Amino acid sequence: MTTNTQVYASTLNEALNKTAYATLIESLGTTLNDRKDRFDKSDIIEQSLEVYTNGRLKWVDDIGRDHHDTETGYDLEFKYVADGLFTKKGKTPKKVVKVKLKNSLGANKGTTISDPADYYMIGQQDAIAIISFKEVEPFLVGVADGIEAHIPFEELTFMFKPTDVSVQETVQLNYKQIKADAQRKLIEGVLSHD
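K.L.:
So what's going on with the sheet that holds strand β3 (residues 75–80)? Residues and values would help.
P.N.:
Taken in spatial order, the 6 strands make up an open sheet running β1-β2-β3-β5-β6-β9, and their pairing is mixed. Unpaired on one side and paired on the other, β1 (57–62) and β9 (157–160) mark the two borders of the sheet. The mean inter-strand angle of the sheet, taken between neighbouring strand axes irrespective of direction, is 30°. With 4 bridges joining them, β1 and strand β2 (residues 65–69) adopt antiparallel strand pairing. Bridge pairing in β2 places W59 opposite H67. Strands in contact with helix α2 (residues 18–28) are β3, β5 (119–124), β6 (127–132) and β9; relative to β3, the strand with the most contacts, it is inclined by about 40°.

K.L.:
Give a description of the packing of α2 against helix α3 (residues 38–51) that names residues and reports values.
P.N.:
Closest axis-to-axis distance for the α2/α3 pair is 10 Å, and the angle between their directions is 160°. By the angle between their directions, the pair α2 and α3 is classed as roughly antiparallel. For the pair α2 and α3, the sense of crossing is right-handed. Only I44, I45, S48 and L49 of α3 make contact with α2, whose side of the interface consists of Y21, L24, I25 and L28.

Reading guide: rules and limits
Residues numbered from 1 in each chain as written. Predicted model: local features only at pLDDT ≥ 70, side-chain atom pairs only at ≥ 80, totals over all residues. Heavy atoms only, no water. Pairing = 2+ DSSP bridges. Helix = DSSP H or I, 4+ residues; strand = E, 2+ residues; numbered from the N terminus. Axes fitted to C-alpha atoms, helices over the stretch in contact; angles between N-to-C directions. Contact = heavy atoms within 4.5 Å. Parallel < 35°, antiparallel > 145°, perpendicular 65-115°, else oblique. Left-handed = near helix turned anticlockwise from the far one by under 90°.

This is the structure:
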């Protein structure tokens, strides 16, 4: 890890409402883990970083980058992996953190990422780490359907770890009902224009 990454992680740590992030993830639980709901879960978590940094990490949802840091100009790609950084039991660090950085939707095309993000954020329920593209590049591995990073734990720079955050009382969130209500409102909106 470079000093630049450590300094950057520290500024992001100060900007992020870590308690809100951890509480949101805990509140969602496993409710959006079905195949059909995973894209919504990803969008919610990624958007939360914009909200919980007061707009600093603008959610752009582009190919290969999810956020744009409005203060530094850096582009970041966020990857969420439940218990991907620390084990669920005991919260001990994983020796190697594995995360898919690129999905080729078919045959592997090597380990080259064209137009990579400046930084990659890897999050779990109660921790977020960052690593620059330059730092992650040596750990890229071609897999059958894309490119993974197999990152030794000590190469990651943490914005925060499980010991740095505590979850407030979880909020009862019924996203599926909220989504169904929004869809119904959209459908019924056509009737009001007849």
